[in-house]
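# What the coordinates show
These are the residues of each chain, in order.
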Amino acid sequence: MEPLLSVKNLRVEIPVGTGMLKPVRGISFDLQKGETLCIVGESGCGKSLTSLALMGLLPKVARRSGDHLRFAGQDLLGLKERQMAKLRGQDMSMIFQEPMTSLNPAYTIGDQLTEGMIRHQRVSRAEARDRAAFLLEKVGITAAASRLTQYPHQLSGGLRQRVMIAMSLMCGPDLIIADEPTTALDVTIQAKILRMMKNLQAEFGMAMIFITHDLGVVARIADKIAVMYAGAFVETGTAQQIFDAPTHPYTKGLLSCIPVPGKTERGARLGAVPGVVPSLINGVEGCGFASRCPMRQAACGSEPDLTDRGAEHSCRCVHDTDTLRNMEWEAA
Amino acid sequence: MQYGPAAFNTAKVILMLRFLLKRLGLAALVALTVSLISFSLLFLAGDPAVALAGEAATEEDIEAIRTQYGFDRPIPVQYVAWLTGAFTGDFGNSYYFNTPVIDLISDRLPTTMQLGLAGITFALLLAVPLGVIAAIRPNSLIDRFALFISVVGQAMPTFWFSLILIVIFAVNMGWVPVSGSGTWQHFILPTIVLGYFATPGIMRLTRAGMLEVLRADYIRTARAKGLNPAKVLFKHALRNAAIPVVGLAAVQLGFMLGGSIVIESIFALNGAGLLAFESINRNDFPVVQALILLFSLIYVLLTLLADLLNAWLDPRIRVA
């Protein structure tokens, strides 16, 4: 089946004073209709820029390139900004990290919810408001109709993020890209929002790309996982594969950072991945993770390819699969 | 379909009314304080009777003037009398013309008003679009051009600029009259001078505001919805960037309505600014007092208008 979204070798480059910053260095993946892909990685690994690149919302200075970026049959790389704007909000929409600043303080919730739909689908204001009220109920906001006349500053962060989610659903898109939608919220609300998004996805059937640094979040919603490091995927696979048989040392390191109920002993130290992400200016020499890796060896001086480690499972490492699977994470 | 129960809307209206009353009350207090100050100005320059009587006056002359103009009464009594008069538009007679002050002012004020309103309109029409374009393309040619315009506008003395314009467009080209206030053509050059004077500030503030707002997350949200660029710019960005500009424009309009002595004298526009200047030289206190009060009230009114306009632009201000 033709995937909804097929990304091949996507790159983002930003010229900076001392050379070329390469925050996204050739990532590829396919996403089927209704599927959820989680892109996981630490701050600065390029995951947010990946999402902006998919939406065509990169800052003006950034350059996007790649082999193809096919969405619903057309290659987005060749589209002009005007054609791209027609897709945004209509067929693909985005939820951002910061609910407090992502809504315009000067307009009512209702106005901001409806304007995209009025533009894309040429519906009347009343129709759009009906849809908005319906979706606000769906995302768990009570007295939805009266909320439409309220302004963002009258809502809490959790409510605003619900509004953002409702906004992304207005036109019934095929794809939603959520860039850390729960990071700015407190933990009790995080779980609720995640469950809600999962339910909405089941109801409306859209595909989702979920960007996060939080593996706990990933475990709740992912079908497929891509672990991103220094601008490239280092391991991809189904959620089960990544959690049950993590292969790349970085994935293992990340997993050692989260406590597992019943397995992590009370008072035991959680893992940590020492060191920092390498500078992405002018690209990366060799394996980007080598300086932080307990298994590094001479061969790590040249960057390995992403190779198959079983059906749908791939990993970017010079070591063979058995060596990697048997390795216990211990910080170098 | 009706959204929001009626009770909710009523609460909103009450909130709005409370905001309005609060601002009006504040404005009234400021106006009263200003009236006290403008009245006191009369006595700051020394004994007004001595000043009026002139250098050759005898003790008796001064005493006679003091009684005639009522300066012998206690100052609070004089203030209350003056204020009650002011409420009904009676500011007394001009010492110099011996005609009612109110007639003098209502004769001159329309000229100044026309000039001021035209000036601020010119300034806004020039400054806001230039500021917006400069912000969309920072460091571009048009941004440099806008910077050039604003530096020149700030550096050039108005009297010099006025004279240059007169020489080029009135004397050499003959397109507009040199001076006077008979027709609308008479207002073209003074409007340009006065408006250009206010342009740099408004333009720089518009540019800075737009640059900041265009980086905001909600602009990215608007783009993510697929809105067309003009809508993102004018609906989502400009409204937020306009808030500080409104305040500045109000102050500058207040300044313009206070009359520009330089521009009014160069173009021989018989406006309120020129009247104030002449009245100060003639020790014509009732006229000076009335004009100061009037100019201050215009400021207070404009500030109030700016507040209301900003409350309309930014809902967060309405509850404050």
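Residues numbered from 1 in each chain as written. Chains lettered and ligands numbered in written order. Predicted model: local features only at pLDDT ≥ 70, side-chain atom pairs only at ≥ 80, totals over all residues. Heavy atoms only, no water.

In this section: the packing of aromatic side chains. In total, this model carries 14 aromatic pairs over all chains according to the counting rule given. Residues A:Tyr250 and A:Phe289 carry aromatic rings whose centres are separated by 5.1 Å and whose planes lie at 65° to one another, so their mutual orientation is edge-to-face. You can see A:Tyr250 sitting in helix H10 (residues 249-256) and its partner A:Phe289 sitting in the loop between H10 and strand E12 (307-308), a full 39 residues away along the chain. Like A:Phe289, A:Tyr250 is buried. These aromatic residues form a ring-pair network of at least three members: B:Tyr69, B:Phe71, B:Tyr95 and B:Phe285. The residue whose ring lies beneath B:Arg282 is B:Tyr96, and the NZ or CZ to ring-centre distance is 4.2 Å. (Phe/Tyr/Trp six-rings, centres within 6.5 Å; stacked < 30°, edge-to-face > 60°. Helix = DSSP H or I, 4+ residues; strand = E, 2+ residues; numbered from the N terminus. Buried < 20%, exposed > 50% of the residue type's maximum accessible area, 1.4 Å probe, protein only. Lys NZ or Arg CZ within 6 Å of the ring centre and 35° of its normal.)

Scored by pLDDT, chain B has a mean of 88; 97% of the residues are at 70 or more. Taken as a whole, residues 1-7 of chain B scores under 50 in pLDDT and shows 11 contacts with residues more than four places along the chain or in a different chain. (pLDDT = per-residue confidence, 0-100. Contact = heavy atoms within 4.5 Å.)

To continue, consider the packing of helix H4 (residues 125-138) of chain A against helix H6 (residues 157-169) of chain A. The axes of two packed helices give the description: the angle between them and the distance between them. Residues and elements named next belong to chain A. In contact at an axis separation of 9 Å, H4 and H6 are set at 130° when each is read in the N-to-C sense. Taken together, the axes of H4 and H6 lie oblique to each other. When you trace H4 past H6, the crossing you get is right-handed. Here H4 contributes Arg-131, Leu-135 and Leu-136 to the contact with H6, which in turn contributes Val-163, Ala-166 and Leu-169. Considering only residue class, the contact of H4 with H6 consists of 5 nonpolar, no polar and 1 charged. (Axes fitted to C-alpha atoms, helices over the stretch in contact; angles between N-to-C directions. Parallel < 35°, antiparallel > 145°, perpendicular 65-115°, else oblique. Left-handed = near helix turned anticlockwise from the far one by under 90°. Nonpolar A, V, L, I, M, F, W, Y, C, P; charged D, E, K, R; others polar.)

This paragraph deals with unusual backbone geometry. Residues and elements named next belong to chain A. Phi is positive for Glu-180, close to 45°, though the residue is something other than glycine. Mapped onto the elements of the fold, Glu-180 is located in the loop between strand E8 (175-179) and helix H7 (187-204). Its identity is not glycine, yet Ala-230 carries a phi of approximately 50°, on the positive side. Positionally, Ala-230 belongs in the loop between strand E10 (224-229) and strand E11 (232-238). Using a relative accessible area of 1% as the deciding quantity, one classes Ala-230 as buried.

Moving on, we come to the pairing of strand E5 (residues 68-71) of chain A. Residue and element names in this part refer to chain A. Inspection of the sheet shows strand E1 (residues 5-16) paired to E5 by 4 bridges, in the antiparallel sense. Note on E5: the bridge partner recorded for Leu-5 is Phe-71. Here 2 bridges tie E5 to strand E6 (residues 74-75), and the two strands are oriented antiparallel to one another. What sits directly across from Phe-71, in E6, is Gln-74. Between the antiparallel neighbours E5 and E6 lie 2 residues, among them Ala-72 with a positive phi of about 50°. (Pairing = 2+ DSSP bridges.)

For the rest of this paragraph, the subject is the nonpolar core. Nonpolar side chains in soluble globular proteins generally cluster together in the buried interior. Core analysis: the biggest nonpolar cluster contains 105 residues, and A:Phe29, A:Leu113, A:Leu175 and A:Ile209 have the highest contact counts within it. The biggest single contributor to this core is H6(A), with 7 residues. Judged by nonpolar contacts, the second largest core, of 37 residues, contains B:Leu165, B:Ile202, B:Met203 and B:Leu313. (Core = buried A, V, L, I, M, F, W, Y, C linked by side-chain atoms within 4.5 Å.)

One number sums up the size of the largest pocket: a volume of about 930 Å³. Around the largest pocket, the lining comprises 26 residues; the ones closest to its centre are A:Pro59, A:Lys60, B:Leu214, B:Ile219 and B:Arg223. Among the secondary structure elements, those contributing two or more residues to the lining of the largest pocket are helix H2 (81-87) of chain A together with helix H5 (101-136), helix H8 (188-214), helix H9 (217-224) and helix H10 (229-257) of chain B. At 4 residues, H9(B) tops the list of elements feeding residues into the lining of the largest pocket. Across the lining of the largest pocket, the residue classes tally to 17 nonpolar, no polar and 9 charged. Put simply, the second largest pocket is a space of about 680 Å³. (1 Å grid on protein atoms, 1.4 Å probe; cavity = no way out; pocket = protein on both sides within 12 Å on 5 of 7 lines; lining within 4 Å. Points joined across faces, edges and corners; volume = space filled by probe spheres on them.)

Residues and elements named next belong to chain B. Those residues of helix H3 (residues 59-69) lying buried are Ile-62, Ile-65 and Arg-66. All buried residues of H3 fall inside an arc of 100° around its axis, so they share one side. Facing away from the buried side of H3, by more than 90 degrees, are the exposed residues Glu-60 and Gln-68. Close packing links the buried residues of H3 with helix H2 (48-53). Just beyond H3, the residue with positive phi is Gly-70, at close to 80°. (Arc of directions from axis to C-beta.)

Residue and element names in this part refer to chain A. Taking strand neighbours across the sheet as the criterion, the 8 strands line up as E7-E8-E9-E3-E10-E11-E13-E12 in an open arrangement whose pairing is mixed. Whereas interior strands pair on both sides, the edge strands pair on one side only; in this sheet they are strand E7 (92-95) and E12. Both E10 and E11 contribute to a ladder of 6 bridges, which runs antiparallel. What sits directly across from Val-227, in E11, is Glu-235.

A few words on the interface of chain B and chain A. On the chain A side, the residues contacting the 26 residues of chain B number 37 residues. Contact between chain B and chain A buries roughly 2800 Å² in total, counting both sides, with carbon and sulfur atoms accounting for 55%. Applying the counting criterion to the chain B and chain A interface returns 3 salt bridges. Of the charged contacts, one joins A:Glu115 and B:Lys235 as a salt bridge, the two residues approaching to 2.8 Å between their closest N and O atoms. Inspection of the region where chain B meets chain A yields 15 residue pairs in polar contact (both at pLDDT 80 or more). Counting only elements with at least two residues in the side of chain B that touches chain A, the list comes to helix H1 (6-44), H9, H10 and helix H14 (315-318) of chain B. Looking at which element gives the most residues to the side of chain B that touches chain A, the answer is H9(B), with 6 residues. (Buried area = accessible area lost by both parts, 1.4 Å probe. Salt bridge = Lys/Arg side-chain N within 4 Å of Asp/Glu carboxyl O. Polar contact = N/O pair within 3.5 Å; in protein donor to acceptor, adjacent residues only side chain to side chain.)

With that settled, consider the pattern of salt bridges. Using the criterion set out here, one finds 15 salt bridges over all chains in the structure. Put simply, A:Asp111 and B:Lys235 hold a salt bridge, and the shortest N to O gap is 2.6 Å. Of this pair, A:Asp111 sits in helix H3 (residues 109-121) while B:Lys235 is found in helix H10, placing the two residues in two different chains. Judged by relative accessible area, which is 16%, A:Asp111 ranks as buried. Exposure remark for B:Lys235: the relative accessible area of 15% places this residue in the buried category. Look at the salt bridges and you will find they share partners, linking A:Asp111, A:Glu115, B:Lys225 and B:Lys235 into a network.

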